[in-house]
Amino acid sequence: SQELEQSPQSLIVQEGKNLTINCTSSKTLYGLYWYKQKYGEGLIFLMMLQKGGEEKSHEKITAKLDEKKQQSSLHITASQPSHAGIYLCGADIGGQAGTALIFGKGTTLSVSS
Amino acid sequence: GAVVSQHPSWVICKSGTSVKIECRSLDFQATTMFWYRQFPKQSLMLMATSNEGSKATYEQGVEKDKFLINHASLTLSTLTVTSAHPEDSSFYICSARDVGTGIMNTEAFFGQGTRLTVV
């Protein structure tokens, strides 16, 4: 069963619009990671969240982890064509150091100009 | 920052042959590395955990005799797809985490991925 639910599966937005991607787990997240990927390429690290209520921003991208540490959102402000790609949330759910991340199914973002 | 290098980035092989993919941690020692597989428009699925100096741990449903993993040094893990068939065509990507500091939640670094096409 999928332990990380990511929504929406795909998203098409007009350039300049804001958007939000969600990642939800039924288990406590010991660490939540957001990556961006272009199809067939490696992962680009965006942000890592660890503490309940934590929020981080980089340029026009903001990520939050809720207080219960079971849900995270990624928000892009004033989207640009360069934001297009696949966004993946990955998580530590084992609570042990150095374990593999599990991933959501990804959100494919298209930005129309 | 830490970098994980994966090679080759793409490979085409004939059905029945074997293909080796290398994953190197360039500036930290990785006692554990992870191999994922990604089908088109799907997420990364963990295949196995590669342990330096010991046997790899495979996820349920992954054939250990087909996907041979060797982690002979602290900076290199290899994945060999044996007797490859067209259904093995996929995107394979490795990952490593620097746990040398003892901090639990460290960034996971990913290789560039390998696009395998079996014809």
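Residues numbered from 1 in each chain as written. Chains lettered and ligands numbered in written order. Predicted model: local features only at pLDDT ≥ 70, side-chain atom pairs only at ≥ 80, totals over all residues. Heavy atoms only, no water.

A.B. asks: Account for the overall build of chain A, with residues named and values stated.
C.D. replies: If you tally the helices and strands in chain A, you get zero helices and 11 strands. Mapped from its N terminus to its C terminus, chain A presents α and β elements in the order β-β-β-β-β-β-β-β-β-β-β. What you see for chain A is a C-alpha radius of gyration of 13 Å, in line with the 13 Å of a compact globule of 113 residues. If you line up chain A on its principal axes, its C-alpha atoms span 45 × 30 × 20 Å. Here chain A, with 113 residues, has 43% of them falling under the buried criterion. Here the analysis covers contacts within chain A between residues at least 6 apart in sequence; of these, 55% occur between residues at least 24 apart. Here chain A displays about 5600 Å² of accessible surface, and carbon together with sulfur accounts for 46% of that area. Side chains of chain A carry 11 positive and 10 negative charges; the gap between the two charge centres is 2 Å. (Helix = DSSP H or I, 4+ residues; strand = E, 2+ residues; numbered from the N terminus. Rg over C-alpha atoms; globule rule 2.2 N^0.38 Å. Buried < 20%, exposed > 50% of the residue type's maximum accessible area, 1.4 Å probe, protein only. Contact = heavy atoms within 4.5 Å. Areas by Shrake-Rupley, 256 points an atom, 1.4 Å probe, with all protein chains shown as cover. Lys, Arg positive; Asp, Glu negative; His and termini not counted. Charge placed at Lys NZ, Arg CZ, Asp CG, Glu CD.)

A.B. asks: Pulling in residues and values, what's your account of the environment of B:Q6?
C.D. replies: Residues and elements named next belong to chain B. Mapped onto the elements of the fold, Q6 is located in strand 1 (residues 4-7). If we skip the residues at most four places from it in the chain, Q6 touches I21, E22, C23, W35, Y92, I93, C94, G111, Q112, G113 and T114. A distance of 2.7 Å separates a polar side-chain atom of Q6 from the backbone oxygen of Y92. Within the structure, Q6 has its side chain in polar contact with the side chain of T114 (distance 3.0 Å). (Polar contact = N/O pair within 3.5 Å; in protein donor to acceptor, adjacent residues only side chain to side chain.)

A.B. asks: Outline the environment of B:Q60, supporting the account with residue identities and numerical values.
C.D. replies: Residues and elements named next belong to chain B. Turning to its location among the elements, Q60 is positioned in the loop between strand 6 (57-58) and strand 7 (67-73). Residue classification places Q60 among the exposed positions, given a relative accessible area of 83%. For Q60 and A48, which are 12 residues apart along the polypeptide, the C-alpha to C-alpha distance reads 9.1 Å.

A.B. asks: How would you sum up the interface of chain B and chain A? Please name residues and give values.
C.D. replies: Counting residues at the interface gives 24 residues for chain B, matched by 25 residues for chain A. Between chain B and chain A lies a buried interface of about 1900 Å² when both sides are counted; carbon and sulfur atoms form 56% of it. Here B:R97 and A:D92 are joined by a salt bridge, their closest N and O atoms 2.6 Å apart. Considering every element that reaches the side of chain B that touches chain A, the biggest residue donor is strand 4 (residues 32-38) of chain B, with four residues. The residue makeup of the side of chain B that touches chain A, split by class, is 12 nonpolar, eight polar and four charged. (Buried area = accessible area lost by both parts, 1.4 Å probe. Salt bridge = Lys/Arg side-chain N within 4 Å of Asp/Glu carboxyl O. Nonpolar A, V, L, I, M, F, W, Y, C, P; charged D, E, K, R; others polar.)

A.B. asks: Account for a nonpolar patch on the surface, with residues named and values stated.
C.D. replies: On the surface, a nonpolar cluster with roughly 370 Å² of combined accessible area is contributed by B:W10, B:I12 and B:V119. Looking at the secondary structure, you find B:I12 in strand 2 (residues 10-13). (Patch = residues over 30% accessible without salt bridge, like charges linked within 9 Å, V, L, I, M, F, W, Y side chains within 5 Å.)

A.B. asks: Got a sec to walk through the environment of B:T75? Specific residues and values, please.
C.D. replies: Residue and element names in this part refer to chain B. Looking at the secondary structure, you find T75 in the loop between strand 7 and strand 8 (76-81). Each C-alpha atom, one on T75 and one on A30, is 5.8 Å from the other, the two residues being 45 residues apart in sequence. With sequence-adjacent residues up to four places away left out, T75 is seen in contact with C23, R24, S25, F28 and M33.

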